[in-house]
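# Topology and contacts: notes
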Amino acid sequence: MRSLQPVRGTHDILPEQSLRHRHVTETARTIAGQYGYAEVATPIFEFTEVFKRTLGDASDIVTKEMYTFESRSGEEITLRPEGTAGIVRALISGGLGQNLPLKFFYQGPMFRHERPQKGRLRQFHQFGVELLGVGAPLGDIEVIAMAAQILDALGVGESTTLEINSLGDPQSRKAYRDVLLGYLSDLKDKLSEDSRNRLAVNPLRVLDSKDEGDKRVLADAPLFSDYLTGEAAEFFSAVTAGLDELGIAYALNPKLVRGLDYYCHTAFEFTTEALGAQGTVLAGGRYDGLVSAMGGAETPGVGWAAGIERLAMLIADAPGAQRPIAVVPVGGGAETAAFNLAQELRRDGFTVDIGYGGNLSRRMKRANKLRARLAVILGEDEIRAGTVTVRDLDTGEQEEVALRGLRDHLAPWR
Ligand code: ATP
Ligand code: MG
């Protein structure tokens, strides 16, 4: 029955996977907190206009990937394909611009109708940061350093490369756009249909093409770095000098672009070879023109977003769930006392599992399956005597413990 399948490109995050996701987000959260970033959560859907204005009518996301629908009251709504648009909308609609700079992080599901494949889903999750109100290169350095620290803490710093480029200021951009358009127009016949279409709308986006034929054409294309104004070049060298200072390695990638007009100066990606075609785990850049393009006051911004599923695939192992203590009653008469004991221990901060039925051996099997650390076994006679048996499930050793002293005895495993 088709309706009982998950929708193509969506997935259930079951417990084992959940631990990995959580390890990624908790690590990122902790480090973002150390940098003084505070968590914000904007709605999962916005008026379609919010994304059209931020992403541009010609972007892939807007033209092909958005989940857009009309609400019952006739509003044009879109499930968010990314996080920055909502945050900038919140900045403007909530009047947050009074308190710049703002340092935000967010985390949650994003929706894009693209072709599902390994590392490419229709509902996926991102963790991202935005620094608003800081126009200096220090802002770029800070968010990149934070990204590097998070990847290091996840143990994937070694397997990822930071690629970086400058998109300059509007003046550099215009100069480069013109020469690139000239170059590509001459070779138009060799470009893919997608790229030919992009040429008319935004030639910079052709640089992003993954088509092999396009890549051959692009191999000899003029480079952005040759068309940066003095000021833009200076900005970029301040960013790279800052990274050098911090010992953060990077590779200059002159083909790295973000196609949208409000992106400027620094663009960067952390990529890996380990995930096949979907190798970008984290991407970001400076977007000084975005807030004003959306109708707010001129406000510089820089930020990035990381794909949580891609990072979850990349990390070796997430720390496992807390190993429980299994409370095991022997005989029906001990059931109630065992359940009460389990409740008491939980209230005391222990992680406790209690089998819901079966004899001693079945319950011990369950305890082992859950990788319980200890079993607290109690029978009717023991209850009368005020004792329990505590068995160490790793060593097999066991001892009698007075119920009264049980908490202290278990304290090391809390
Ligand atoms: P790509 O080139 O892979 O399409 P993108 O440029 O569309 O990426 P961004 O919009 O910059 O990606 O999103 C930031 C990060 O979010 C990506 O680097 C990736 O890790 C993750 N991401 C983006 N789209 C998807 C998706 N459909 N499924 C899973 N993760 C995704
Ligand atoms: Mg994409």
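Rules used throughout
Residues numbered from 1 in each chain as written. Chains lettered and ligands numbered in written order. Predicted model: local features only at pLDDT ≥ 70, side-chain atom pairs only at ≥ 80, totals over all residues. Heavy atoms only, no water. Near = heavy atom within 4 Å. Polar contact = N/O pair within 3.5 Å; in protein donor to acceptor, adjacent residues only side chain to side chain. Areas by Shrake-Rupley, 256 points an atom, 1.4 Å probe, with all protein chains shown as cover. Helix = DSSP H or I, 4+ residues; strand = E, 2+ residues; numbered from the N terminus. Pairing = 2+ DSSP bridges. Contact = heavy atoms within 4.5 Å. Axes fitted to C-alpha atoms, helices over the stretch in contact; angles between N-to-C directions. Buried < 20%, exposed > 50% of the residue type's maximum accessible area, 1.4 Å probe, protein only. Domains from an automatic or database assignment. Core = buried A, V, L, I, M, F, W, Y, C linked by side-chain atoms within 4.5 Å. Parallel < 35°, antiparallel > 145°, perpendicular 65-115°, else oblique. Left-handed = near helix turned anticlockwise from the far one by under 90°. Phe/Tyr/Trp six-rings, centres within 6.5 Å; stacked < 30°, edge-to-face > 60°. Expected span 1.5 Å × (residues − 1). Arc of directions from axis to C-beta.

## A few points about the site of ligand 1
Ligand 1 sits among 16 residues. The nearest are R112, E114, R120, L121 and T280. R120 is positioned with one of its side-chain polar atoms (N or O) 2.9 Å from an oxygen atom of ligand 1. Isolated, ligand 1 exposes 590 Å² of accessible area, and the fraction of that covered by the protein chains is 85%. For the shell around ligand 1, the elements supplying multiple residues, two or more each, are β6 (123-132), β10 (280-286) and β11 (301-307). When residues in the shell around ligand 1 are grouped by element, the largest group, four residues, is from β10.

## Observations regarding the sheet that holds strand β1 (residues 38-39)
In a beta sheet, neighbouring strands pair by backbone hydrogen bonds and run either parallel or antiparallel. Taken in spatial order, the eight strands of this open sheet run β1-β5-β6-β11-β10-β9-β7-β8, and their pairing is mixed. The sheet is open, and its two borders are formed by β1 and β8 (251-252), each paired with just one other strand. Looking at chain direction, strand β5 (residues 102-111) and β6 are connected through 10 bridges and run antiparallel. Residue L102 lies in a different strand from β6, and its bridge partner there is L132. Strands β5 and β6 of the sheet are contacted by helix α4 (residues 84-93), whose axis makes an angle of about 135° with β5. Its contacts with the sheet put helix α9 (residues 230-246) on β7 (160-166), β8, β9 (264-272) and β10, and the angle it makes with β7 is roughly 160°.

## Structural notes on the side chain of T299
Take T299: it is sitting in the loop between α10 (290-293) and β11. Overall, T299 belongs to the buried group, its relative accessible area being 4%. A polar side-chain atom of T299 sits 2.7 Å from the main-chain carbonyl oxygen of A297. In this structure, T299 is in contact with L100, L132, G133, D288 and V291, ignoring residues within four places of it in sequence.

## Some points on the domain arrangement of the chain
Looking at the assigned domains, one finds that the chain contains domain 1 (2-169 + 229-314) and domain 2 (325-413). The C-alpha-based centres of domain 1 and domain 2 are spaced at 47 Å.

## Structural notes on the nonpolar core
L132, L180, L184 and L207 are the most contacted members of the largest nonpolar core, which has 42 residues in total. Every element with two or more residues in this core is listed here: α2 (48-55), α3 (60-65), α4, β5, β6, α6 (170-186), α8 (212-218) and α10. Excluding residues within four positions of it along the chain, L207 makes contact with Y176, L180, L218, K255 and V257. Judged by nonpolar contacts, the second largest core, of 41 residues, contains I31, M146, F270 and L282.

## Looking at the packing of helix α5 (residues 137-153) against α9
At a closest axis distance of 9 Å, the pairing of α5 and α9 adopts a crossing angle of 40°. Compared by their axis directions, α5 and α9 come out oblique. Crossing geometry of α5 relative to α9 is assigned as right-handed. From α5, P137, D140, I141, I144 and A145 reach across to α9, where they touch F235, A238, V239, G242, L243 and L246.

## Let's talk about unusual backbone geometry
Note that the residue after L100, namely P101, is joined by a cis bond; omega there is -5°. For P101, the position within the fold is in the loop between α4 and β5. Positive phi is not limited to glycine here, since H265 has a value of about 50°. Inspection of the secondary structure assignment puts H265 in strand β9. Taking the relative accessible area as the measure of exposure, H265 reaches 11% and is therefore buried. For R371, which is not glycine, the phi torsion reads 55° and is therefore positive. Tracing the backbone through its elements, the reader meets R371 in the loop between α13 (360-369) and β14 (374-379).

## Structural notes on the packing of aromatic side chains
A complete count under the given rule lists five aromatic pairs for this structure. Plain terms: the ring middles of F105 and F127 are 5.4 Å apart, the flat faces sit at 20° to each other, and that makes the pair stacked. Here F105 is found in strand β5, whereas its partner F127 is found in strand β6, with 22 residues between them in sequence. The pair F105 / F127 is uniform in exposure class, with both members buried.

## Points about helix α1 (residues 15-34)
Here α1 contains 20 residues, and its C-alpha end-to-end distance of 28 Å stays within 8% of the 28 Å for a straight helix at 1.5 Å per residue. Listing the buried residues of α1 in full gives R20, H21, V24, T25, T27, A28, I31 and A32. Buried residues along α1 cover an arc of 150° about the axis, so they all sit on one side. Summarising the geometry of α1, the exposed residues directed more than 90 degrees from the buried face are P15, E16, R22 and Q34. Residues of α1 that are buried sit in contact with β5, β6, α5 and α11 (308-314). Once α1 ends, the next one or two residues include G36, with phi positive near 85°.

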